[in-house]
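Listed below are the residues making up each chain.
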Amino acid sequence: MPSLITSKTIIRTSLAALLTSCVTVSFTASALPAAPLKDVLSLKEACQQIAIEDQLPEAEVSAFLLDCVNDQLTEMGYERIASLD
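A brief look at the structure comes next. This is a predicted model, so every value here is computed, not measured.

## Focus on the overall build of the chain
Step number 1: Across its full length, the chain carries three helices and zero strands.
Step number 2: Reading the helices (α) and strands (β) of the chain from amino to carboxyl end gives α-α-α.
Step number 3: Scored against the burial criterion, the 85 residues of the chain give a buried share of 16%.
Step number 4: Considering only contacts in the chain between residues 6 or more positions apart, those separated by 24 or more positions represent 50%.
Step number 5: Within the structure as shown, the chain displays about 6,600 Å² of accessible surface, and the carbon and sulfur contribution to it stands at 62%.

And the structure:
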């Protein structure tokens, strides 16, 4: 019986290692590229125009712009940004 237990342990350890490496590769492969600055600036201008058309209160514009730009970046396959500064 000891060899059966050892074999099961080796198989479980191997499967765990394989799963861990697949997850690591999956996360590494799915890292999104950063958007070019010109694209971010273009999106910011478009979002500013939407804010003006929607007559957003000044206090809400900054948060709206960041959300708007990040939504567009996500749709374009780029990583999100932390701020527009």
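There's more to say after this.
## Points about the nonpolar core
Step number 1: In terms of nonpolar packing, the biggest core is built from 11 residues, these being Ala 35, Val 40, Leu 43, Cys 47, Val 61, Leu 65, Cys 68, Val 69, Leu 73, Tyr 78 and Leu 84.
Step number 2: Where this core is concerned, the elements lending two or more residues are helix 2 (37–53) and helix 3 (58–76).
Step number 3: Per-element accounting of this core gives the leading share, five residues, to helix 3.

## Overview of the pattern of salt bridges
Oppositely charged side chains may form a pair once their charged atoms are brought near each other.
Step number 1: Inspection of every chain in the model, using the stated rule, returns one salt bridge.
Step number 2: Of the charged contacts, one joins Asp 39 and Lys 38 as a salt bridge, the two residues approaching to 3.8 Å between their closest N and O atoms.
Step number 3: By relative accessible area, which is 62% here, Lys 38 ends up exposed.

## Describing the side chain of Asp 39
Step number 1: Structurally, the position occupied by Asp 39 is in helix 2.
Step number 2: If we ignore the near neighbours within four places in the chain, the residues touching Asp 39 are Met 76 and Tyr 78.

## Points about the environment of Ser 42
Step number 1: In this structure, Ser 42 sits in helix 2.
Step number 2: On the basis of relative accessible area, Ser 42 is assigned to the partly exposed category, the value being 45%.

## A few points about the side chain of Asn 70
Step number 1: Tracing the sequence through the fold places Asn 70 in helix 3.
Step number 2: A relative accessible area of 3% means that Asn 70 is categorised as buried.
Step number 3: At 2.7 Å, the side chain of Asn 70 and the backbone nitrogen of Ile 81 are in polar contact.
Step number 4: Apart from residues lying up to four places away in sequence, Asn 70 is in contact with Arg 80 and Ile 81.

Here is what the cut-offs are and how they apply
Residues numbered from 1 in each chain as written. Predicted model: local features only at pLDDT ≥ 70, side-chain atom pairs only at ≥ 80, totals over all residues. Heavy atoms only, no water. Helix = DSSP H or I, 4+ residues; strand = E, 2+ residues; numbered from the N terminus. Buried < 20%, exposed > 50% of the residue type's maximum accessible area, 1.4 Å probe, protein only. Contact = heavy atoms within 4.5 Å. Areas by Shrake-Rupley, 256 points an atom, 1.4 Å probe, with all protein chains shown as cover. Core = buried A, V, L, I, M, F, W, Y, C linked by side-chain atoms within 4.5 Å. Salt bridge = Lys/Arg side-chain N within 4 Å of Asp/Glu carboxyl O. Polar contact = N/O pair within 3.5 Å; in protein donor to acceptor, adjacent residues only side chain to side chain.

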